[in-house]
Amino acid sequence: MFKAIKTIIALVLLCISSTAFAAELPNAHVMYKELGLAHQVAYNKFEDAYNHFKAHPSQKPIFTLIDYGKPSSQKRFWVIDVHKGKVLYSSYVSHGKNSGSLYATKFSNRISSHKTSVGVFRARETYYGKHGYSLRLDGLSKGVNDNARKRAIVIHGASYANPKVISKTGQLGRSWGCPALPTYLSKSVINTIKDGTYIYAFA
């Protein structure tokens with residue numbers, strides 16, 4: 001009983017501290033300039049992600065932004081630490097093979113569609129699968145990506161997501177819907193964003 005009460009108190013204190021932290025953050029425009037994202041991602045996409053993060057703070061002061069409006073030949077995946085006002089990672093990321101070739105233009109929440117999903121995700125637990133060290137995602141956007149678990153949409157490393165592929169084909173290779181990262185970066189990114197941070201994927 002005493003242990004349960006301690007757990008409840010800890011959760012309440014965490015919620016209060018997270019809310020207070022979010023209230024202290026600068027507005028989206030100030031953070032956008034501080035991060036130096038002006039020539040990398042559209043402001044409206046950053047603003048939507050940042051404001052959602054402020055309204056729903058996670059334990060870590062970190063969120064991830066994916067801009068599928070950009071071609072796979074450009075970096076379109078950013079991990080952002082709002083406490084430090086710093087972009088921790090900027091990376092290439094693959095999209096689903098049925099979403100398009102150079103650009104992702106078709107998106108789906110349907111099982112076996114092999115298409116990418118957009119919307120808000122939450123990074124959860126890690127595991128080792130056929131692509132090695134991987135990160136499970138929960139889709140939080142109802143009807144848009146909430147089949148992510150059933151579809152096994154996860155973040156993992158892949159050789160076809162290596163930028164060297166771009167020099168040969170003009171684009172990254174494609175996944176079955178997962179946001180696949182270069183293998184040299186995937187483990188570090190996964191360890192940074194796992195256990196509850198948000199991922200915002202836009203088209």
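Along each chain, the written sequence defines residue order, and numbers are assigned to residues from 1. Given that the model is predicted, a residue must reach a pLDDT of at least 70 before its local features are reported, and side-chain atom pairs must reach 80 or more before they are shown or counted; all residues, however, enter totals for whole chains, interfaces and linings. Hydrogens are left out, water is left out, and the side-chain values use all remaining heavy atoms of the structure.

- Under the annotation held in an unreviewed UniProt entry, the protein carries the name L,D-transpeptidase catalytic domain and is attributed to Enterovibrio nigricans DSM 22720.
- UniProt positions are given in the numbering used here, feature names are shortened, and annotations may be inferred rather than shown by experiment. Note on the protein: under the UniProt heading Sequence similarities (unreviewed entry), the record states "Belongs to the YkuD family."
- Among the UniProt annotations of the protein, the heading Pathway (unreviewed entry) holds the following wording: "Cell wall biogenesis; peptidoglycan biosynthesis."

### Examining unusual backbone geometry
Excluding glycine, residues mostly carry a negative phi; peptide bonds, for their part, are mostly trans.
Here comes step 1: Here Ala152, not a glycine, exhibits a phi torsion of approximately 60°, which is positive.
Here comes step 2: Following the sequence through the fold, Ala152 ends up in the loop between helix 4 (148-151) and strand 6 (154-158).
Here comes step 3: In this model, Asp195 sits at a positive phi of 65°, which is unusual for a non-glycine residue.
Here comes step 4: Structurally, Asp195 can be placed in the loop between helix 6 (183-193) and strand 8 (198-202). Where helices and strands are cited, they refer to DSSP runs of H or I of at least four residues and of E of at least two residues respectively, numbered from the N terminus.

### Observations regarding empty space enclosed by the protein
Here comes step 1: Think of a 1 Å grid over the protein atoms and nothing else: a 1.4 Å probe that fits but is trapped marks a cavity, an open set flanked by protein within 12 Å on at least five of seven lines marks a pocket, and residues with an atom within 4 Å of a point count as lining. Grid points are joined across faces, edges and corners, and a volume is the space filled by probe spheres set on the points. For the coordinates displayed, the defined rule picks out one cavity of 30 Å³ or more.
Here comes step 2: Put simply, the largest cavity is a space of about 60 Å³.
Here comes step 3: Taken together, Ile66, Tyr68, Thr116, Ser117, Phe121, Leu137, Ile153, Gly177, Pro179, Ile199 and Ala201 make up the full set of residues lining the largest cavity.
Here comes step 4: Class assignment of the residues belonging to the lining of the largest cavity gives a composition of eight nonpolar, three polar and no charged. Note that Gly is not counted as nonpolar here; it falls among the polar residues with everything else outside the nonpolar set of Ala, Val, Leu, Ile, Met, Phe, Trp, Tyr, Cys and Pro and the charged set of Asp, Glu, Lys and Arg.

### A few points about the pattern of salt bridges
Here comes step 1: When a carboxyl oxygen of Asp or Glu lies within 4 Å of a side-chain nitrogen of Lys or Arg, that pair is called a salt bridge. For the structure shown, the criterion picks out five salt bridges.
Here comes step 2: Between Asp138 and Arg124 there is a salt bridge, with its nearest N and O atoms 3.0 Å apart. One end of the pair, Asp138, is in strand 5 (residues 132-139); the other, Arg124, is in strand 4 (residues 119-129), and 14 residues separate them in sequence.
Here comes step 3: The buried category is assigned to Asp138, whose relative accessible area is 18%.
Here comes step 4: Three labels apply to residues, based on accessible area from a 1.4 Å probe with only protein chains included: buried if under 20% of the type maximum, exposed if over 50%, partly exposed otherwise in between. Since its relative accessible area comes to 30%, Arg124 is described here as partly exposed.

### What about the sheet that holds strand 6?
Whenever strands of a sheet pair, they do so through backbone hydrogen bonds, lying parallel or antiparallel.
Here comes step 1: Strand order in the open sheet formed by eight strands is 3-2-1-8-4-5-6-7, with mixed pairing between adjacent strands. Every interior strand has two partners, whereas the edge strands, strand 3 (86-91) and strand 7 (180-182), have only one. Strand-to-strand twist of the sheet, defined as the mean angle between neighbouring strand axes without regard to direction, takes the value 30°.
Here comes step 2: Strands are labelled as partners when DSSP assigns at least two bridges between them. In this structure, strand 5 lies alongside strand 6, joined through three bridges in antiparallel fashion. By the bridge assignment, Arg136 is partnered in strand 6 with Val154.
Here comes step 3: In this analysis, two residues are considered to be in contact whenever any of their non-hydrogen atoms come within 4.5 Å of each other. Inter-axis angles, ranging from 0 to 180 degrees, are taken between N-to-C directions of lines fitted to C-alpha atoms, where helices are fitted over the stretch in contact. Against the sheet, helix 6 touches strand 1 (62-67), strand 2 (77-81), strand 3, strand 4, strand 5, strand 6, strand 7 and strand 8, its axis set at about 120° to strand 7.

### Side note on the layout of surface pockets
Here comes step 1: One number sums up the size of the largest pocket: a volume of about 300 Å³.
Here comes step 2: Lining the largest pocket are 19 residues; nearest its centre among them are Lys130, His131, Ala152, Trp176 and Cys178.
Here comes step 3: For the lining of the largest pocket, the secondary structure elements donating two or more residues are strand 4 and strand 6.
Here comes step 4: Residues of the lining of the largest pocket, tallied by class, amount to eight nonpolar, eight polar and three charged.

### With respect to the packing of aromatic side chains
Here comes step 1: Centre distance within 6.5 Å is the pairing criterion for rings of Phe, Tyr and Trp, where only the six-membered ring of Trp is used; planes under 30 degrees apart are then read as stacked, over 60 as edge-to-face, and the remainder as tilted. According to the stated counting rule, one finds ten aromatic pairs in the structure shown.
Here comes step 2: Ring centres of Phe63 and Tyr200 lie 5.6 Å apart, and the angle between their planes is 80°; this geometry places the pair in the edge-to-face category. Taken together, the residues Phe63 in strand 1 and Tyr200 in strand 8 connect sequence positions 137 residues apart.
Here comes step 3: Residue class for Phe63 comes out buried when judged on its relative accessible area of 0%.

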